[in-house]
Amino acid sequence: MSMPAMKTEVTPVAIPQTPSAAPVVSIAPKRAPRAETYAKMAKEAAVRVVPPLIVVALLLVVWELICRRAGSSLPPPSKVFKDTKELIFDPFFDHGGIDKGLFWHLSASLQRVAYGYSLAAIAGIALGTLVGQSVWAMRGLDPLFQVLRTIPPLAWLPLSLAAFRDGQPSAIFVIFITSVWPIIINTAVGIRNIPQDYRNVAAVVQLNPLEFFTKIMIPAAAPYIFTGLRIGIGLSWLAIVAAEMLIGGVGIGFFIWDAWNSSHISEIILALFYVGIIGFLLDRLIAGLGKVVTRGTAAN
């Protein structure tokens, strides 16, 4: 007798599904409100600007109080402004000859500085590289440089006038011979302080002399070079003012000397103010260029 077949029922079991990964939401960093950014910038600017302004204001007050007394040989700031108001508000007048506004005198001086300083920068970096790279060049040239750099700038002026027989190239030569020495010395120091590892790498990759100069020497020595360039631009501006007092013509140095001969003390004070401001701006210009060029270099 056969047994009846038993029917087995399979109950389907639900398998839990793995939940899909939740989408990742990136949260952008919260930006500070624009007003807070501007307030921060204004605060940083105030920290830099306000203290010098306070010091200058105090100095002006002291100057005013001292020079307002009877018998004072120097004019107070109020009289300086009153006497030079036309020069301040109209620096572009040109009545011919040397009767020009301060803009033209400053422009002539800056052009001479640009010529002389550019020549000094080119010659100084080239000679400094030679002295720093070659032991024989250092032994032969460094003592000569150390002697020549101690000669005062104006001592070169009679010699340059005798050689060039013209005030313009003579002034440019005085600027050149005054500003070239710190550039040479600092460049040579920078070249001598290039790490030996850099030289080893250059030897391994077999850089030719030009590639070694442009890719190793100049970048590594750049901070030293710009130190010399900053010193040189300051000396250039000092030298041109002194030289123009003697060579005459249009220039801020001659303007100061002419004002002295005319007993215009207020004009001298105004010119000195412009000389100081422009000298400061020239120094900041070279310093800013140095920060851009030397960023990421090994030397510091």
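So, how was this worked out
Residues numbered from 1 in each chain as written. Predicted model: local features only at pLDDT ≥ 70, side-chain atom pairs only at ≥ 80, totals over all residues. Heavy atoms only, no water. Helix = DSSP H or I, 4+ residues; strand = E, 2+ residues; numbered from the N terminus. Buried < 20%, exposed > 50% of the residue type's maximum accessible area, 1.4 Å probe, protein only. Contact = heavy atoms within 4.5 Å. Areas by Shrake-Rupley, 256 points an atom, 1.4 Å probe, with all protein chains shown as cover. pLDDT = per-residue confidence, 0-100. Salt bridge = Lys/Arg side-chain N within 4 Å of Asp/Glu carboxyl O. Axes fitted to C-alpha atoms, helices over the stretch in contact; angles between N-to-C directions. Parallel < 35°, antiparallel > 145°, perpendicular 65-115°, else oblique. Left-handed = near helix turned anticlockwise from the far one by under 90°. Nonpolar A, V, L, I, M, F, W, Y, C, P; charged D, E, K, R; others polar. Core = buried A, V, L, I, M, F, W, Y, C linked by side-chain atoms within 4.5 Å. Expected span 1.5 Å × (residues − 1). Bend = angle between axes of the 7 residues up to and from the residue. Polar contact = N/O pair within 3.5 Å; in protein donor to acceptor, adjacent residues only side chain to side chain. Patch = residues over 30% accessible without salt bridge, like charges linked within 9 Å, V, L, I, M, F, W, Y side chains within 5 Å.

**Looking at the overall build of the protein**
Of the regular secondary structure elements, the protein holds 11 helices and zero strands. Order of helices (α) and strands (β) in the protein, N terminus to C terminus: α-α-α-α-α-α-α-α-α-α-α. Buried residues in the protein amount to 32% of all 300 residues. Intrachain contacts of the protein at a sequence separation of at least 6 include 67% that bridge at least 24 residues. Accessible area of the protein: about 20,000 Å², with a carbon and sulfur share of 67%.

**A word on the confidence of the model for the protein**
Looking at the protein as a whole, the pLDDT averages 83, with 87% of positions reaching at least 70. The low-confidence segment residues 1-8 (pLDDT under 50) makes zero contacts with residues lying over four places distant or belonging to another chain. Segment residues 296-300: pLDDT under 50, and seven contacts once partners within four positions in sequence are set aside and those in other chains are kept.

**A word on the pattern of salt bridges**
Here the structure, examined in full by the defined rule, presents six salt bridges. Salt-bridge contacts for Lys 79 lead to Asp 83; the nearest nitrogen and oxygen are separated by 2.8 Å. Pair noted here: Lys 79 and Asp 83 are both in helix α2 (residues 77-83), with a separation of four residues, about one helical turn. Overall, the relative accessible area of 38% leaves Asp 83 in the partly exposed class. When salt bridges that share partners are traced, they join Arg 230, Asp 283 and Arg 284 into one network.

**Some points on unusual backbone geometry**
Glycine aside, a negative phi is what most residues show, and trans is what most peptide bonds show. Although it is not a glycine, Gln 206 adopts a positive phi angle of roughly 60°. Within the secondary structure, Gln 206 sits in the loop between α8 (196-204) and α9 (209-247). Although it is not a glycine, Ser 263 sits at a positive phi angle of roughly 60°. Within the secondary structure layout, Ser 263 lies in the loop between α10 (252-261) and α11 (265-293).

**Quick notes on the packing of helix α4 (residues 102-133) against α9**
Viewed as axis vectors pointing N to C, α4 and α9 meet at an angle of 140°, and their least axial separation amounts to 8 Å. Between α4 and α9, the angle falls in the class oblique. You can see that α4 and α9 cross each other, and the crossing is right-handed. Listed contacts from α9 to Leu 106, Ser 109, Leu 110, Arg 112, Val 113, Tyr 117, Ala 121, Ile 125, Thr 129 and Gln 133 of α4 are Phe 212, Phe 213, Met 217, Ile 218, Ile 225, Leu 229, Gly 232, Ile 233, Ser 236, Trp 237, Ile 240 and Glu 244. Here the contact of α4 with α9 is built from residues that sort into 15 nonpolar, five polar and two charged.

**Thoughts on the nonpolar core**
Counting 45 residues, the largest nonpolar core has Val 113, Tyr 117, Leu 229, Trp 237, Ile 240 and Ile 252 as the members making the most contacts within it. Elements that contribute at least two residues to this core include exactly α4, α7 (167-192), α9, α10 and α11. Residue contributions to this core peak at 12 residues, all from α9. Beyond its immediate chain neighbours, meaning those up to four positions away, Leu 229 contacts Tyr 117, Ala 121, Ile 183 and Ile 286.

**What to know about α9**
The end-to-end C-alpha distance of α9 is 44 Å, clearly below the 57 Å that 39 residues give at a rise of 1.5 Å each. Where α9 bends most, at Ala 222, the angle is about 60°, and the proline Pro 223 comes one to four residues later. The N-capping residue of α9, defined by a side-chain oxygen 3.1 Å from the backbone nitrogen of Leu 210, is Asn 208. Of the residues flanking the end of α9, it is Gly 248, one or two places downstream, whose phi is positive at about 75°.

**Section: a nonpolar patch on the surface**
On the surface, Phe 273, Ile 277, Phe 280 and Leu 281 cluster together into a nonpolar patch covering about 410 Å² of accessible area. Within the element layout of this structure, Ile 277 appears in helix α11.

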